Amino acid sequence: MDLTELGDRVARVAEEHATRTDRDAVFPAEALAELRATRLLGLLVPVEHGGLGGTTEDVVDLGIRLGRADMSVAMIFTMHCQQVAAVVRHAAEPLRSQLLGRLGQGQEYLASVTTEAGKGGHLLSAEAALHGDGSRLHVDRFAPIVTGGAHADGFLITMRSPDAESPNEVSLVYAHRDQLDVSGSGDWQPMGMRASHSIPLKLVGSVPAHQVIGQHGKFPEISTTIFAPMAHLGWSATWLGTAAGALSRVLRLLRGPEGRKRFDVGSELLLTRLSRARQRLDGVHALLRRATDTVRDALDLSVPNHQLLLNALKITAAEQCHAAVQDLIDAVGLRHGYLKDSPTRLEQALRDLRSASLNYSNDRLHLADGRLALLDPEVRLV
Amino acid sequence: MDPRFTELLAPFLKFGKDKQITPESNLRALGLDSMRSIELLFAIEDTYGISLPDDEMTDATFATAGSLWHAITAQLPDETGART
Ligand SMILES: Cc1cc2nc3c(=O)[nH]c(=O)nc-3n(C[C@H](O)[C@H](O)[C@H](O)COP(=O)(O)OP(=O)(O)OC[C@H]3O[C@@H](n4cnc5c(N)ncnc54)[C@H](O)[C@@H]3O)c2cc1C
């Protein structure tokens, strides 16, 4: 079966439950079950480990497709793929075969634990430290926000390396749910992204020493080569899909019998607003495709111009996808722009997309980009 | 490595106090973050009167004291004999 068909299957389930999961701020368990059943959870797992052998471009395509149906489901999927990509690239035997085997069967949903109280989104430092006694690593970590944390089968966790001399020595470690005592209040009452069920958790337990991904202290490298690029591509695809779905529903409304009566499609203001929304999405889409190709082809993603492109994608997608939905709300007005029960679902799209600039703060990325710009005085555009 | 270089490096490594800097010293682990690496770059360029090429602005260049020193010596005129 082709991936488009599998994506459509998950999108249908996501759409069916979207109103309830948003209203009740609960995890889309049915959509996750469909991601397992279609084995899309194993999209990036190589065929020899039983996965679908998909590419980064497939993640982007599916992120857009699922985003059209439900932004939380799309983010759950793309972030899981980001975790899988790190395992595929950096996990060593025996963890590699065991974990990829389960992932390839769609049996394992991986959650991400990078954010920490006290350092916010700063990826390359860690407060809580791993303690090693030779054969095992002891994990004791508070995680303020973990998407799907109550449903995850396993976690990739950043922690300070054992015996680290500074907070900048960060390791990435895998822990299966059964290896941890997972506790938390379950409190989650956000503005949007309600179905992402991104709860605070306390994770305590111990894992065999070989469950470190890459080597100790190697997280910065994993971050530059896989984690950050996959996050920015996956998030941007998710946001673009959300805004594209919103635009599509508005256009169908305008062209339908009710819309033709209600709206004057000769209105220059309406036409201009539709044009602006579409223009924003085409800009983000072009940047997303360019960045996807760069991630596939670049020999060294750490060079400033590649990092600048990936950061520009994230910042631009966050701003423009949100702005496109704002345009659409003005274009259609109160009934179909502001009320929850409109089939355009603009109200939810706007709340969900409001998280985009915060989810790895655009402010933080601008500071990084200013420094990177100074390192590329020739301005070598990618 | 030139003692001038290790002296220049020390203030940028907030976790490197009381540690000997060797070519293997991991600069990021010792506290060199991206903001400080810009300042370090300016200090290197002022001290040695060189300009590091854009192509060297990679994580690999700033990985260890040795890799950074290597990038510097590549820009030094040979006769200084500083290449150790
Ligand atoms: C829907 C959603 C789901 C998420 N899921 C997960 C998950 O599954 N796992 C996970 O680990 N995390 C998750 N996150 C967290 C996310 O990855 C970021 O870490 C988080 O959004 C950043 O939070 P912050 O604004 O508190 O922190 P910061 O990034 O620290 O920002 C705090 C404030 O400081 C400003 N600031 C900018 N630059 C700096 C700087 N250099 N130093 C200090 N402050 C700066 C920021 O602009 C902001 O105003 C999720 C976030 C969202 C919105």
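Thresholds applied
Residues numbered from 1 in each chain as written. Chains lettered and ligands numbered in written order. Predicted model: local features only at pLDDT ≥ 70, side-chain atom pairs only at ≥ 80, totals over all residues. Heavy atoms only, no water. Helix = DSSP H or I, 4+ residues; strand = E, 2+ residues; numbered from the N terminus. Buried < 20%, exposed > 50% of the residue type's maximum accessible area, 1.4 Å probe, protein only. Contact = heavy atoms within 4.5 Å. Areas by Shrake-Rupley, 256 points an atom, 1.4 Å probe, with all protein chains shown as cover. Lys, Arg positive; Asp, Glu negative; His and termini not counted. Charge placed at Lys NZ, Arg CZ, Asp CG, Glu CD. UniProt positions renumbered as here; feature names shortened; annotations may be inferred. Pairing = 2+ DSSP bridges. Phe/Tyr/Trp six-rings, centres within 6.5 Å; stacked < 30°, edge-to-face > 60°. Buried area = accessible area lost by both parts, 1.4 Å probe. Polar contact = N/O pair within 3.5 Å; in protein donor to acceptor, adjacent residues only side chain to side chain. Nonpolar A, V, L, I, M, F, W, Y, C, P; charged D, E, K, R; others polar. Core = buried A, V, L, I, M, F, W, Y, C linked by side-chain atoms within 4.5 Å.

S.K.: How should the overall build of chain A be read in this particular structure?
M.R.: Looking only at helices and strands, chain A has 11 helices and eight strands in total. With the C-alpha coordinates aligned to their principal axes, the bounding extent of chain A is approximately 75 × 50 × 40 Å. Residue burial in chain A is summarised as follows: out of 382 residues, 56% are buried. In chain A, the share of contacts with a sequence separation of at least 24, taken over all contacts with a separation of at least 6, comes to 75%. With an accessible surface of roughly 15,900 Å², chain A has 52% of that area assigned to carbon and sulfur atoms. Once the 41 positive and 45 negative side-chain charges of chain A are each reduced to a mean point, those two points are 5 Å apart.

S.K.: What exactly am I supposed to notice about the UniProt feature "domain: Acyl-CoA dehydrogenase/oxidase N-terminal" (unreviewed entry) in chain A here?
M.R.: Taking the UniProt record as the reference, the feature "domain: Acyl-CoA dehydrogenase/oxidase N-terminal" (unreviewed entry) is found at residues 10–106 of chain A. Helix makes up 70% of residues 10–106 of chain A and strand 0%, whereas the separation of the span's terminal C-alpha atoms amounts to 13 Å.

S.K.: Help me understand the UniProt feature "domain: Acyl-CoA dehydrogenase C-terminal" (unreviewed entry) in chain A in this model?
M.R.: Within this structure's numbering, the places UniProt gives as "domain: Acyl-CoA dehydrogenase C-terminal" (unreviewed entry) are residues 234–355 of chain A. Between the C-alpha atoms that bound residues 234–355 of chain A the distance is 14 Å, and the span itself is 82% helix and 0% strand.

S.K.: Looking at this model, I keep getting lost on the sheet that holds strand S6 (residues 180–183) of chain A. Mind explaining?
M.R.: Backbone-to-backbone hydrogen bonds pair the strands of a sheet. The strands run either parallel or antiparallel. Residues and elements named next belong to chain A. A sheet is described by the order of its strands in space; here four strands give the open sequence S2-S3-S7-S6, paired in antiparallel fashion. Every other strand in the sheet has two partners, leaving strand S2 (131–132) and S6 as the edge strands with one partner each. Pairing analysis gives four bridges linking S6 to strand S7 (residues 198–208), with the strands arranged antiparallel. The partner of Leu 180 across the bridge, within S7, is Gly 205.

S.K.: Help me understand the packing of aromatic side chains in this model?
M.R.: By convention here, two paired aromatic rings are described through the distance between centres and the angle between planes. Taken as a whole and judged by the stated rule, the model has five aromatic pairs over all chains. Pairing Phe 27 of chain A with Tyr 109 of chain A gives two aromatic rings, centres 6.0 Å apart and planes at 35°, and the pair type is tilted. Residue Phe 27 of chain A is located in the loop between helix H1 (3–24) and helix H2 (29–37), and its partner Tyr 109 of chain A is located in the loop between helix H5 (95–104) and strand S1 (110–113); the two are separated by 82 residues in the primary sequence. Where Trp 235 of chain A meets Trp 239 of chain A, the ring centres are 6.2 Å apart and the plane angle is 15°; that geometry is what we call stacked. Residue Trp 235 of chain A and its partner Trp 239 of chain A are both found in helix H6 (residues 219–255); the two are separated by four residues, about one turn of the helix. Trp 239 of chain A carries the same exposure label as Trp 235 of chain A, and that label is buried. Taken together, the ring pairs connect Phe 5, Tyr 48 and Trp 69 of chain B into an aromatic cluster.

S.K.: Sorry, what's going on with the UniProt feature "domain: Carrier" (unreviewed entry) in chain B here?
M.R.: The sites that carry the UniProt feature "domain: Carrier" (unreviewed entry) are, in the present numbering, residues 1–76 of chain B. Helix makes up 41% of residues 1–76 of chain B and strand 0%, and the two end C-alpha atoms of the span are 13 Å apart.

S.K.: So what exactly am I meant to see when it comes to the interface of chain B and chain A here?
M.R.: Often the size quoted for an interface is simply the accessible area lost on bringing the parts together. Facing 16 residues of chain B, the contacting portion of chain A comprises 20 residues. Taking both partners together, chain B and chain A bury about 1,500 Å²; carbon and sulfur atoms supply 57% of that area. At the surface where chain B touches chain A, the tally comes to seven residue pairs in polar contact (both at pLDDT 80 or more). In terms of residue class, the side of chain B that touches chain A is built from eight nonpolar, three polar and five charged.

S.K.: Can you help me understand the environment of Leu 367 of chain A in this one?
M.R.: Residue and element names in this part refer to chain A. Here Leu 367 shows up in helix H11 (residues 362–374). Residue classification places Leu 367 among the exposed residues on the basis of a relative accessible area of 54%. Along the sequence, Leu 367 and Cys 321 sit 46 residues apart, while their C-alpha atoms lie 22 Å from each other.

S.K.: I tried to follow the side chain of Asp 153 of chain A on my own but got confused; where do I start?
M.R.: Residue and element names in this part refer to chain A. Mapped onto the secondary structure, Asp 153 falls in the loop between strand S3 (136–147) and strand S4 (154–160). The class of Asp 153 is buried, set by a relative accessible area of 19%. Discounting residues that sit within four places of it in the chain, Asp 153 has contacts with Arg 36, Gln 107, Glu 108, Tyr 109, His 176 and Arg 177.

S.K.: Can you walk me through the nonpolar core in this structure?
M.R.: A general feature of soluble globular proteins is that nonpolar side chains tend to end up buried together. Residues and elements named next belong to chain A. If you look at the biggest cluster of nonpolar residues, it comprises 67 residues, and the most contacted ones within it are Val 87, Phe 155, Ile 157 and Ile 213. Considering each element in turn, this core owes the most residues, nine residues, to helix H4 (residues 71–90). Listed in part, the 45 residues of the second largest apolar core include Val 295, Leu 309, Leu 313 and Cys 321.

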